[in-house]
Amino acid sequence: MAPKFEWWAKGNNNRKGTPVVVKMENPNNWSMVELESPSDQDFLISSSSPRDKKSRNKNARQLTWVLLLKAHRAAGCLTSLGSALITLGTAVRRRIAAGHTDTETSKLSTRKSKMFYSCLKVFLWLSLILLAFEIAAYFKGWHFGTSKLQLQFIFTTPFGVKGFFDWVYTRWVLLRVEYLAPPLQFLANGCIVLFLVQTLDRLILCLGCFWIRFKKIKPVLKPDAISDLESGGNGCFLPMVLVQIPMCNEKEVYQQSIAAVCNLDWPKNKILIQILDDSDDPITQSLIKEEVHKWQNQGARIVYRHRVNREGYKAGNLKSAMNCSYVKDYEFVAIFDADFQPLPDFLKKTIPHFKDNEELGLVQARWSFVNKEENLLTRLQNINLAFHFEVEQQVNSVFLNFFGFNGTAGVWRIKALEDSGGWLERTTVEDMDIAVRAHLHGWKFIFLNDVECQCELPESYEAYRKQQHRWHSGPMQLFRLCLPAVIKSKISIGKKFNLIFLFFLLRKLILPFYSFTLFCIILPMTMFVPEAELPAWVVCYIPATMSFLNILPAPKSFPFIVPYLLFENTMSVTKFNAMVSGLFQLGSAYEWVVTKKSGRSSEGDLASLVEKETSKTKHQRGVSAPETEVEKKAEKMKKTKKKKKHNRIYMKELSLAFLLLTAATRSLLSAQGIHFYFLLFQGISFLLVGLDLIGEQVE
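Residues numbered from 1 in each chain as written. Predicted model: local features only at pLDDT ≥ 70, side-chain atom pairs only at ≥ 80, totals over all residues. Heavy atoms only, no water.

You'll find the protein chain entered in an unreviewed UniProt entry as Xyloglucan glycosyltransferase 12, with Cardamine amara subsp. amara given as the organism. The UniProt entry for the protein chain carries the following text under Subcellular location (unreviewed entry): "Golgi apparatus membrane". (UniProt positions renumbered as here; feature names shortened; annotations may be inferred.)

> Let's hear about the overall build of the protein chain: which residues, and what values?
Within the protein chain one finds 21 helices and 9 strands. When burial is assessed residue by residue, the protein chain has 48% of its 699 residues classed as buried. Considering only contacts within the protein chain whose residues lie at least 6 apart along the sequence, 80% involve residues at least 24 apart. Carbon and sulfur atoms provide 61% of the accessible area of the protein chain, an area that totals close to 35,700 Å². (Helix = DSSP H or I, 4+ residues; strand = E, 2+ residues; numbered from the N terminus. Buried < 20%, exposed > 50% of the residue type's maximum accessible area, 1.4 Å probe, protein only. Contact = heavy atoms within 4.5 Å. Areas by Shrake-Rupley, 256 points an atom, 1.4 Å probe, with all protein chains shown as cover.)

> Which residues make up helix H13 (residues 430-440), and what values do they have?
Of all 11 residues in H13, 11 are buried, a share of seventy percent or more. Listed in full, the buried residues belonging to H13 are Glu 430, Asp 431, Met 432, Asp 433, Ile 434, Ala 435, Val 436, Arg 437, Ala 438, His 439 and Leu 440. Against helix H9 (313-322), strand E8 (410-413), helix H12 (414-419), strand E9 (444-455), helix H14 (461-488) and helix H15 (493-528) lie the buried residues of H13. Downstream of H13 by a residue or two, Gly 442 has a phi angle that is positive, lying close to 90 degrees.

> Can you explain the sheet that holds strand E5 (residues 302-306)? Please cite residues and give values.
Ordered in space as E5-E4-E3-E6-E8-E7-E9, the 7 strands form an open sheet in which the pairing is mixed. Of all the strands in the sheet, the pair left with one neighbour each is E5 and E9. On average, each strand axis in the sheet is inclined to that of its neighbour by 20 degrees, with strand direction left out of account. Of the strands in this sheet, strand E7 (360-369) and E9 touch helix H11 (residues 376-400), which is tilted by about 155 degrees from E9. (Pairing = 2+ DSSP bridges. Axes fitted to C-alpha atoms, helices over the stretch in contact; angles between N-to-C directions.)

> Before we move on, could you go through the pairing of E8 and cite the residues and values that matter?
By the alternation rule, side chains of E8 split into Gly 410 and Trp 412 and Val 411 and Arg 413, which are all buried. In terms of strand pairing, E7 meets E8 through 3 bridges, oriented antiparallel. Opposite Gln 364, over in E8, you have Gly 410 as the bridge partner.

> Requested: an account of the environment of Ala 657, with residues and values cited.
Note that Ala 657 resides in helix H20 (residues 651-669). A sequence separation of 29 residues divides Ala 657 from Phe 686, and the C-alpha atoms of the two residues are 4.8 Å apart. Excluding anything up to four places from it in sequence, Ala 657 contacts Gly 683, Phe 686 and Leu 687.

> Describe the confidence of the model for the protein chain, naming the residues involved and giving the relevant values.
With 73% of its residues at a pLDDT of 70 or more, the protein chain has an overall mean of 80. Across residues 1-47, where pLDDT falls below 50, the model places 60 contacts with residues more than four positions away in sequence or in other chains. For residues 602-610, every residue scores under 50 in pLDDT, and the model assigns this stretch 17 contacts once sequence neighbours within four places are set aside. (pLDDT = per-residue confidence, 0-100.)

> Explain helix H7 (residues 254-262) residue by residue, including any values.
Counting buried positions along H7 gives 8 out of 9 residues, so the element sits mostly inside the fold. Along H7, the positions that sit buried rather than exposed are Tyr 254, Gln 255, Gln 256, Ser 257, Ile 258, Ala 260, Val 261 and Cys 262.

> How would you summarise the UniProt feature "transmembrane region" (unreviewed entry) in the protein chain if you had to cite specific residues and measurements?
The UniProt record annotates "transmembrane region" (unreviewed entry) at residues 115-139, 499-528, 649-668 and 674-694. Helix and strand shares over residues 674-694 are 81% and 0% respectively, and the end C-alpha atoms of the span are 26 Å apart.

> Quick rundown of a nonpolar patch on the surface? Include the residues and the values.
Taken together, the side chains of Phe 210, Trp 211, Phe 214, Ile 217, Phe 399 and Leu 400 make up a nonpolar region of the molecular surface, amounting to roughly 610 Å² of accessible area. Mapped by element, the contributors of at least two residues to the nonpolar patch are helix H5 (164-215) and H11. Top contributing element to the nonpolar patch by residue count: H5, with 3 residues. Tracing the sequence through the fold places Phe 214 in helix H5. With a relative accessible area of 53%, Phe 214 lands in the exposed category. (Patch = residues over 30% accessible without salt bridge, like charges linked within 9 Å, V, L, I, M, F, W, Y side chains within 5 Å. Salt bridge = Lys/Arg side-chain N within 4 Å of Asp/Glu carboxyl O.)

> I'd like a rundown of the nonpolar core, residues and numbers included.
It is characteristic of soluble globular proteins that their nonpolar side chains tend to be buried jointly. Among the nonpolar cores identified, the biggest contains 85 residues, and Trp 412 and Val 436 are the most heavily contacted of them. Of all the elements, E9 adds the most residues to this core, at 7 residues. Each residue touching Val 436, except ones within four places of it in the same chain, is listed here: Phe 402, Leu 478, Cys 482, Leu 499, Phe 503 and Phe 504. Ranked by size, the runner-up nonpolar core spans 51 residues in total, among them Leu 184, Tyr 514, Ala 532 and Val 573. (Core = buried A, V, L, I, M, F, W, Y, C linked by side-chain atoms within 4.5 Å.)

> Explain the pattern of salt bridges to me, using residue names and the numbers behind them.
Side-chain pairs of opposite charge can arise whenever the charged atoms involved come near each other. In the structure shown here, the tally under the stated rule is 20 salt bridges. Arg 507 serves as the salt-bridge partner of Asp 201, at 3.0 Å between the closest nitrogen and oxygen. You can see Asp 201 sitting in helix H5 and its partner Arg 507 sitting in helix H15, a full 306 residues away along the chain. The burial state of Asp 201 is the same as that of Arg 507; both residues are buried. Among the charged side chains, a network of salt bridges with common partners joins Arg 213, Arg 366 and Glu 390.

In structure tokens:
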């Protein structure tokens with residue numbers, strides 16, 4: 001409750017002034033112990049007695065101390081900021097001096113793949129020339145707020161008094177008005193419409209998620225399935241389950257995934273684990289074989305399969321495994337990528353949903369991440385994937401019984417796989433391919449938001465970039481291939497509309513198209529062609545609303561809402577390039593690069609394992625005894641970590657950074673407020689990503 005100041009009261013002689021106690025043991029680390037509220041006497045307006053003057057002088061000195069200490073702290077913050085900027089500058093200088101660019105390291109640098117980068121360079125040089133031209137015009141007196149005033153000046157000024165430069169600039173303004181502005185404005189309006197449709201789609205998805213939470217809707221097990229699990233008797237629903245772990249040269253994470261699936265709580269005689277190894281590294285192969293042999297000796301039913309030819313990548317690997325003769329004895333197959341660690345009760349939470357539900361083809365679990373707070377890049381990825389699972393997957397599961405299979409942490413009915421044609425190697429998104437074909441054959445899907453499977457996020461921009469390229473190129477390949485099948489299928493018109501317009505066009509094609517075109521091309525061009533305008537609400541309010549909706553499922557990430565908005569626009573160049581290459585089969589459309597893992601969780605597991613092993617063997621041998629096998633593996637991992645690392649410079653991102661910063665400079669000449677700030681910060685975001693200053697370093 002606020003204190004009451006009785007202005008008519010007499011002086012309170014007990015305590016006067018504002019006592020402040022300050023500790024100054026270390027000038028760099030001061031603390032304020034006590035700061036009391038002012039007494040009533042401090043607010044009395046009367047003739048000052050000598051005692052009152054002395055009190056006020058004392059209070060003034062104390063307040064001066066506090067202000068000086070706060071100024072000292074602010075100076076310390078500025079010093080820290082300065083050192084941080086120096087460190088950043090040093091990192092930038094090292095990047096440029098090293099000279100490792102993405103164009104040099106790309107294995108598929110064909111003419112078609114370089115076309116996009118060449119177009120960006122043309123836009124950049126053109127913008128620089130126009131900026132120089134506009135600056136010269138500004139100093140010549142052409143600094144009007146709007147294009148209408150420019151036209152008015154052109155048509156009212158006598159032609160004879162104009163110099164050569166004025167004549168050239170006049171021709172340029174007329175060229176803009178008659179030929180450049182109309183098509184640019186038309187394209188901008190089209191992108192704005194697509195932007196609004198996309199925003200409406202996100203809003204509807206969020207409302208659907210809110211409705212699911214409000215009504216507490218979730219897949220519920222049937223009572224007999226629950227009693228079966230609790231009783232564990234002979235009559236229980238405990239079908240034969242096949243567990244598959246496809247992997248390729250993933251020596252950082254193979255131990256944790258194999259250990260996790262071998263500890264699944266399911267009868268040993270009703271489960272078989274397949275380790276599907278596509279590694280071409282002999283050392284990795286031997287390590288995985290050794291791990292499988294270790295678990296076989298401990299009683300686990302686990303087999304090792306290796307393909308000499310890596311044809312078809314992951315789809316080819318899974319297809320080869322499903323052709324084994326013993327697969328016919330199994331009813332369900334659970335699939336986990338090499339970095340996934342299911343909990344022991346994973347099968348007991350997923351398999352019962354299939355009981356007495358013959359139309360159910362897939363049960364998908366949610367992903368959780370061991371390294372979501374590792375760096376800024378992983379935090380931003382967590383926002384995207386939290387929205388994907390919490391909103392997109394859950395809403396589509398509840399209202400449509402269909403969503404895209406995530407490729408891992410899911411259980412398939414083997415009959416549904418066979419009925420849909422099995423795994424096909426025709427795209428780089430075999431998981432989405434099988435899900436679409438199963439949906440066309442009438443199979444239903446369930447998403448379990450409360451069943452999580454632990455995994456890793458890419459910690460380097462290089463790994464994340466390649467992953468996103470595959471995830472946005474593959475759907476366009478699939479759309480071209482399956483569109484005739486969708487149109488000819490017997491599913492309802494509503495499901496066809498959802499599959500074609502919402503699932504493919506809106507979320508896989510339109511989103512990267514307008515995100516890149518509107519904010520990275522049209523917006524900078526409107527600075528040089530001001531007759532075509534983008535409203536402030538398109539530049540600021542709608543993107544902020546979209547970011548707010550996306551970040552709702554991850555409320556702890558709200559402090560990162562601005563970096564998230566900027567980074568999503570920065571990633572649009574990769575997503576747009578991938579979308580175009582997949583749609584028209586250009587460049588690296590069929591490139592498959594295994595996402596690099598860091599083995600964050602396995603490092604802790606291995607360390608604890610070494611500790612246990614050491615404590616066991618200390619009593620059996622001396623300190624100088626030879627190392628155990630586990631210690632040797634730990635030492636190997638440490639040596640691997642010590643390899644020299646370097647970063648790459650990403651030329652497309654850098655080109656766009658300079659393009660946006662050039663447009664921001666041009667916007668200053670027209671006093672464009674919100675447009676300037678957006679272009680400035682977006683340009684800085686592209687610059688940081690282009691210099692690989694986000695995420696971990698790449699080996």
